[in-house]
Amino acid sequence: EVAATEPLARAWIERTDGGAPRPLVVNGTTASLDGLEVTSTGGFRLFLEAVDGVTNGGRAQYAMRALPDRPPSIEIVEPRSAEVSAEASSVVAIRYEARDDVGVKSLELVVRNDAKELKTSPVDPQAASVRLDVGALSLKPGESASFFLRARDGLGQEARSSDRTLLIALLADPPEGAGWPRPLL
């Protein structure tokens, strides 16, 4: 985005190595450009024209450098431990950080048991948290599953978080002791 001191009538950029001028969206004293794909390193000139016809002449030249797109990164922030113990009917809160140099396009929560996917759920990349309904996995006390988050960017590049192991807690004895309740005689 470019800010001017006077209201703008129009604005555009031109690459110094040729190519058609690219108009900017003007809104009062600001001008912006969305969706510019930089495929090669080079230079450009910025042209601004105020409503009274005065221009900057596009004399200054600016450099732009094309950088290769990098894959996204995804990290589970909470739970922190590699093993998470939960009751079979509970919910596990998962906080995460997903990043990409252009933007994370999709995010999924994947739950596996013995290398078989039990559940894959889409997750909002902007939410920063998701809830895993343990009861929906139909795991019994003593069983386990692993879960991770998988992120994709607009080019289909993929990254995944480290795995967490979900251990379904064994049922504890009743507080009154084993064998309770006993039949009354």
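Now for a look at the structure at hand.

On to the sheet that holds strand 7 (residues 61-64), then. Taken together, four strands build an open sheet; the order of strands is 3-2-6-7 and the sheet is antiparallel. Edge positions in the sheet fall to strand 3 (22-23) and strand 7, since each has one partner strand and no second. By the bridge criterion, four bridges tie strand 6 (residues 42-50) to strand 7 in an arrangement that is antiparallel. When the bridges of strand 7 are listed, Gly 43 appears paired with Ala 63.

With that settled, the discussion passes to the side chain of Asp 153. Assignment of secondary structure puts Asp 153 in strand 14 (residues 144-153). An unpaired buried charge is present at Asp 153: no salt bridge exists, and Arg 152, the closest side chain of opposite charge, is 8.3 Å distant. At 2.9 Å, the side chain of Asp 153 and the side chain of Gln 157 are in polar contact. Dropping the residues within four chain positions of it, Asp 153 is found in contact with Asp 69, Arg 70, Pro 71, Pro 72, Asp 100, Gly 103 and Lys 105.

Time to look at the environment of Ala 9. By the secondary structure assignment, Ala 9 is in strand 2 (residues 8-15). Sequence-wise, Ala 9 and Glu 49 are 40 residues apart; in three dimensions their C-alpha atoms are separated by 5.7 Å. In this structure, Ala 9 is in contact with Val 26, Glu 49, Ala 50 and Val 51, ignoring residues within four places of it in sequence.

Next up on the list: the packing of aromatic side chains. This model, assessed by the stated rule, comprises two aromatic pairs. Ring centres of Trp 12 and Phe 47 lie 5.1 Å apart, and the angle between their planes is 5 degrees; on these two criteria the pair is classed as stacked. Within this pair, whereas Trp 12 is found in strand 2, its partner Phe 47 is found in strand 6, the two being separated by 35 residues in sequence. Here Trp 12 matches Phe 47 in class, with each residue buried. Taking the ring centre of Phe 148 as reference, the NZ or CZ of Arg 160 above it sits at 3.7 Å.

This paragraph deals with the nonpolar core. Counting residues in each nonpolar core, the largest one holds 24 residues, and the members touching the most others are Val 92, Ile 94, Leu 109, Leu 132, Phe 147, Leu 149 and Leu 166. Going through the elements one at a time, strand 8 (73-78), strand 9 (83-86), strand 10 (91-99), strand 11 (104-113), strand 13 (129-133), strand 14 and strand 16 (164-168) are the ones with two or more residues in this core. Ranked by size, the runner-up nonpolar core spans nine residues in total, among them Ala 11, Leu 24, Leu 48 and Met 64.

Right, let's talk about the pattern of salt bridges for a bit. On inspection of all chains with the given rule, the structure shows nine salt bridges. Measuring nitrogen to oxygen at the nearest pair gives 2.7 Å for the salt bridge that ties Glu 97 to Arg 99. A relative accessible area of 38% places Glu 97 in the partly exposed class. Among the residues examined, Arg 99 registers a relative accessible area of 41% and is labelled partly exposed. Close ionic contact of Arg 152 with Glu 158 constitutes a salt bridge, the shortest N to O distance being 3.0 Å. Within this structure, Glu 108, Arg 150, Arg 152 and Glu 158 form a network of salt bridges that share partners.

Below, the discussion takes up the sheet that holds strand 1 (residues 2-3). Within a beta sheet, neighbouring strands are joined by backbone hydrogen bonds and run either parallel or antiparallel to one another. Reading across from one edge, 1-5-4 is the order of the three strands in this open sheet, with antiparallel pairing throughout. The open sheet has two edge strands, strand 1 and strand 4 (25-27), and neither has a second partner.

Cut-offs applied
Residues numbered from 1 in each chain as written. Predicted model: local features only at pLDDT ≥ 70, side-chain atom pairs only at ≥ 80, totals over all residues. Heavy atoms only, no water. Pairing = 2+ DSSP bridges. Helix = DSSP H or I, 4+ residues; strand = E, 2+ residues; numbered from the N terminus. Buried < 20%, exposed > 50% of the residue type's maximum accessible area, 1.4 Å probe, protein only. Lys, Arg positive; Asp, Glu negative; His and termini not counted. Salt bridge = Lys/Arg side-chain N within 4 Å of Asp/Glu carboxyl O. Polar contact = N/O pair within 3.5 Å; in protein donor to acceptor, adjacent residues only side chain to side chain. Contact = heavy atoms within 4.5 Å. Phe/Tyr/Trp six-rings, centres within 6.5 Å; stacked < 30°, edge-to-face > 60°. Lys NZ or Arg CZ within 6 Å of the ring centre and 35° of its normal. Core = buried A, V, L, I, M, F, W, Y, C linked by side-chain atoms within 4.5 Å.

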